[in-house]
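A structural walkthrough
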Amino acid sequence: EEALVVARSQGIVESIFVEEGMVVEAGKPLAQLDTRRLSLDLARTETNLESLKRALDRAEQLFEKKMISPDTFDQARFNHDREAATLALQMHDLSEATIRAPISGVITMRYIKVGNTLQPNAQAFEMKRADVVEAILSVPEQELLKLAPGQPATIEVDALAGRAFQGEVLR
């Protein structure tokens, strides 16, 4: 099993925590994008949301006393809800600024360097699971009928002389 790890948000690579050949667990941070701008935007949105919450509370009180129109009250609620959605989106973007391992395995390739500007879906790392090895073999036609899914199989690799790997035929 392998995974091509991509950036989920745009940003400049600030730190890289792993190198090729390292074994990592699923969810472990692999790299960090710069979050300063995201953090500032988040703080501004939180302040705006707090202000809009107070305005909504005032509008609700006035609406209950029939001192403002339903349209004015609806507009205050809409403004608050829109800013709350913006805050949720910014919090998501902030969490996506940390590139994480989608699977447990070995880092086989690093495509990024500190200072690179990444776009969403840009390749950052390649990973492969170390505990499962898949061998794709060409089988002569006359031997094909002797194979069936689930059948035990033994694989020997020239590079690892004297070692045999047990497995099973998938398809």
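For the structure, check the block above.
Summarised in this report is the structure supplied together with it. (Residues numbered from 1 in each chain as written. Predicted model: local features only at pLDDT ≥ 70, side-chain atom pairs only at ≥ 80, totals over all residues. Heavy atoms only, no water.)

On to the nonpolar core. One finds Leu30, Ile99, Phe125 and Met127 to be the most contacted residues of the largest nonpolar core, which totals 19 residues. Looking at this core, the elements that each hand over two or more residues are β1 (2-6), β4 (29-33) and β8 (123-128). (Core = buried A, V, L, I, M, F, W, Y, C linked by side-chain atoms within 4.5 Å. Buried < 20%, exposed > 50% of the residue type's maximum accessible area, 1.4 Å probe, protein only. Helix = DSSP H or I, 4+ residues; strand = E, 2+ residues; numbered from the N terminus.)

Bringing helix α1 (residues 36-64) into the picture now. Taking 1.5 Å per residue, 29 residues should reach 42 Å; α1 reaches 42 Å between its end C-alpha atoms and fits that length. Looking at the buried residues of α1, the elements they touch are α2 (70-96). Looking one or two residues past α1, Lys66 carries a phi angle of roughly 60°, positive in sign. (Expected span 1.5 Å × (residues − 1). Contact = heavy atoms within 4.5 Å.)

Pairing within the open sheet is antiparallel, and its four strands lie in the order β1-β8-β6-β3. Every interior strand has two partners, whereas the edge strands, β1 and β3 (23-24), have only one. Note that strand β6 (residues 105-110) and β8 share four bridges and pair antiparallel. Each bridged residue has a counterpart across the sheet, and for Ile107 the counterpart in β8 is Met127. (Pairing = 2+ DSSP bridges.)

As a further point, take the pattern of salt bridges. Evaluation of the coordinates by the stated rule reveals 10 salt bridges. It is possible to trace a salt-bridge network through shared partners that takes in Glu2, Glu126 and Lys128. (Salt bridge = Lys/Arg side-chain N within 4 Å of Asp/Glu carboxyl O.)

Across five bridges, the pairing between β1 and β8 is antiparallel. Residue Ala3 lies in a different strand from β8, and its bridge partner there is Met127.

Okay, the packing of α1 against α2 next. At a minimum axis distance of 8 Å, the contact between α1 and α2 shows a crossing angle of 160°. Classified by the interaxial angle, the pair formed by α1 and α2 is roughly antiparallel. Between α1 and α2 lies a crossing whose hand is left-handed. In the contact of α1 with α2, the residues fall into 14 nonpolar, seven polar and seven charged. (Axes fitted to C-alpha atoms, helices over the stretch in contact; angles between N-to-C directions. Parallel < 35°, antiparallel > 145°, perpendicular 65-115°, else oblique. Left-handed = near helix turned anticlockwise from the far one by under 90°. Nonpolar A, V, L, I, M, F, W, Y, C, P; charged D, E, K, R; others polar.)

One open sheet holds the four strands; their spatial order is β5-β4-β2-β7, and the pairing between them is antiparallel. A strand with exactly one partner marks an edge of an open sheet, and here the two such strands are β5 (98-100) and β7 (117-118). Sheet topology note: the β4/β5 ladder contains three bridges and is antiparallel. Residue pairing across strands places Gln32 opposite Thr98, the latter belonging to β5.

To continue, consider a nonpolar patch on the surface. A surface patch of nonpolar side chains, about 340 Å² in accessible area, is lined by Leu137, Val139, Leu144 and Leu147. Summarising the element assignment, Leu147 is placed in the loop between α3 (141-144) and β9 (152-156). Its relative accessible area of 38% is what places Leu147 among the partly exposed residues. (Patch = residues over 30% accessible without salt bridge, like charges linked within 9 Å, V, L, I, M, F, W, Y side chains within 5 Å. Areas by Shrake-Rupley, 256 points an atom, 1.4 Å probe, with all protein chains shown as cover.)

Right, let's get into unusual backbone geometry. If you check the backbone angles, Lys66 has positive phi at about 60° while not being a glycine. Secondary-structure assignment places Lys66 in the loop between α1 and α2. Among the residues examined, Lys66 registers a relative accessible area of 73% and is labelled exposed. Despite not being glycine, Asn121 shows a phi value in the positive range, around 70°. Along the chain, the position of Asn121 falls in the loop between β7 and β8.

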